[in-house]
Amino acid sequence: EVFQAVVSCIGGDGTIYIIPKLFETALNKLMVEIQNTFKGLGLLIPYCWKKGEACVVRGSDTLWYRAKIVEVSGSTLQVQYVDHGYIESIPQCHLYPTTFYTGIPPFCIPCQLYKTLPIGNFWQQDAVDYLQELLKNEEVEIHVKELPDNPWDKLSISLYFGGISLSSFMAYQKYCVTEDCQDVQKLGMFEGDLSLSYLLQPLPVPGETFPVTVTHLVSPKEVYICLDSSGNLTKRSATERAASCDSESLNKALKWCNKIVKTLPHLTDFKKELPCLAEYVDGLWYRAKLLSVTQLVPVQILVQFVDYGTYLVAPTSRLRHIPCHLLKYPVQAVRVLLAGFRPASDDKNVERIPYSPEWSLKALWTMVDCVEGKRLSASILTVSPEVTISLYGDDKNLVHLKLIEMGLAELDQ
């Protein structure tokens, strides 16, 4: 069985507590009911608590939760939140004994990694801390491998985050060994394979109008577009729906990669077009490809972010190997030429684009204003030798008409 779940916590012994996404509605409903039943403070009169006794506990967020007593020691009790798994020491005044809701099974499931043995036969504290930091409150994919003999014991699972096997990843980190050797080989995360390449984005058929966003402008005529993932799903073509699904899955996978990026090795080979992860100016890591070495001492590399079209000159410290599973998503940005106009022969603006001097900088900034943050649509005219499109603004007019009005471009018949 395979299902999505949220990791609620990691136990001190490495137990992974998960709440299946299917349970969320029922858990939220129960929480509302508990809040309506229990109000104010906990039990203020003396009470003889017993280990294993059911209760409700007032958490640090002032909400009441189902719990059970794990250990009694003086005025402080150790309790376990039965629907979330974590254990806490709580003063008695924040608890209330109850038999309400004891007939409802816990919503969280204790799990252990299938055929995975921690180093030293138990999870070391640094491994537990790492699991907590990596997984807490995150949505993951659970593959059930083995049911426990006792229904209250741990479920044996394989856990995947962003397409990566947790067992394989922790084994790579030297926190454990996993018997599933094939799984380690399938991980394919840290191989310096120089033959890797990205998949290209499938395009809608020529003549079909589709929503796009412009992610980067090289010149007024040469831009990078992404198929727009917003809007009504039912009205979109199969190509657009697939692109939307790819974009959402890629964003989730990249989010996970940013969490583990320090474990990925730095690049040591600098072959042109080689896929990699590169750190952008916002401190986040994105998919990129190498274009050229721009400086030798210190080494500086020109890279292009393939899902946006933008460029960056980066030191090698900001380049890392890309996990192989990130290559299964097509590049999101497509380089296109805009049809229907050319640079104005009488554009008197002195400031020109250095790498494209036929265009003035004013024409470039005017085009930026026409497309930035706008709901655009496009129609493909040709796909060879280069992808050429007509690009329309949110008013359904061709975007380049503004440049023609201002004398910055002229019609290209």
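Here the structure is a predicted model, which is why all the values come from computation and not from measurement.

Undergrad: Mind showing me how you'd approach the domain arrangement of the chain here?
TA: Frequently, the measure chosen for interface size is the accessible area that the parts lose on association. Under the domain assignment, the chain is made up of domain 1 (1-194), domain 2 (208-232 + 333-411) and domain 3 (265-322). Look at where the C-alpha atoms of domain 2 and domain 3 centre, and you get two points 27 Å apart. Between domain 2 and domain 3, the contact holds five residues from the first and seven residues from the second. In total, about 440 Å² of surface goes out of reach between domain 2 and domain 3, with carbon and sulfur atoms giving 50% of it. Applying the counting rule to domain 2 against domain 3 returns zero salt bridges. Connecting domain 2 to domain 3 are four residue pairs in polar contact (both at pLDDT 80 or more). A breakdown of the residues in the side of domain 2 that touches domain 3 according to their chemical character gives three nonpolar, two polar and no charged.

Undergrad: I keep staring at the nonpolar core and nothing clicks. Help me out?
TA: Among soluble globular proteins, nonpolar side chains are generally buried collectively. Counting 30 residues, the largest nonpolar core has Leu135, Leu159, Phe161, Leu166 and Met170 as the members making the most contacts within it. At six residues, helix 2 (residues 125-135) tops the list of elements feeding residues into this core. Setting aside residues up to four positions removed in sequence, Phe161 forms contacts with Leu134, Val140, Leu166, Phe169, Trp256 and Ile260. Listed in part, the 29 residues of the second largest apolar core include Val214, Val223, Val334 and Leu364.

Undergrad: Help me understand helix 1 (residues 24-37) in this model?
TA: In an α-helix there are 3.6 residues to a turn, and that puts residues three or four apart on one side. Its 14 residues place the ends of helix 1 20 Å apart at the C-alpha level, agreeing with the 20 Å of an ideal helix rising 1.5 Å per residue. Along helix 1, the residues classified as buried are Leu27, Leu30, Met31, Ile34 and Gln35. One side of helix 1 carries all its buried residues, which in axial view fall inside an arc of 140°. Opposite the packed face of helix 1, turned more than 90 degrees from it, sit the exposed residues Thr25, Lys29 and Asn36. Packing partners of the buried residues in helix 1 comprise strand 2 (16-20), strand 3 (54-58) and strand 4 (64-73).

Undergrad: Can you help me understand the side chain of Thr310 in this one?
TA: Examined against the element boundaries, Thr310 turns out to sit in the loop between strand 18 (300-305) and strand 19 (311-315). The contact partners of Thr310, leaving out residues within four places of it in the chain, are Thr215, His216, Val303, Gln304 and Phe305.

The rules behind the values
Residues numbered from 1 in each chain as written. Predicted model: local features only at pLDDT ≥ 70, side-chain atom pairs only at ≥ 80, totals over all residues. Heavy atoms only, no water. Domains from an automatic or database assignment. Contact = heavy atoms within 4.5 Å. Buried area = accessible area lost by both parts, 1.4 Å probe. Salt bridge = Lys/Arg side-chain N within 4 Å of Asp/Glu carboxyl O. Polar contact = N/O pair within 3.5 Å; in protein donor to acceptor, adjacent residues only side chain to side chain. Nonpolar A, V, L, I, M, F, W, Y, C, P; charged D, E, K, R; others polar. Core = buried A, V, L, I, M, F, W, Y, C linked by side-chain atoms within 4.5 Å. Buried < 20%, exposed > 50% of the residue type's maximum accessible area, 1.4 Å probe, protein only. Helix = DSSP H or I, 4+ residues; strand = E, 2+ residues; numbered from the N terminus. Expected span 1.5 Å × (residues − 1). Arc of directions from axis to C-beta.

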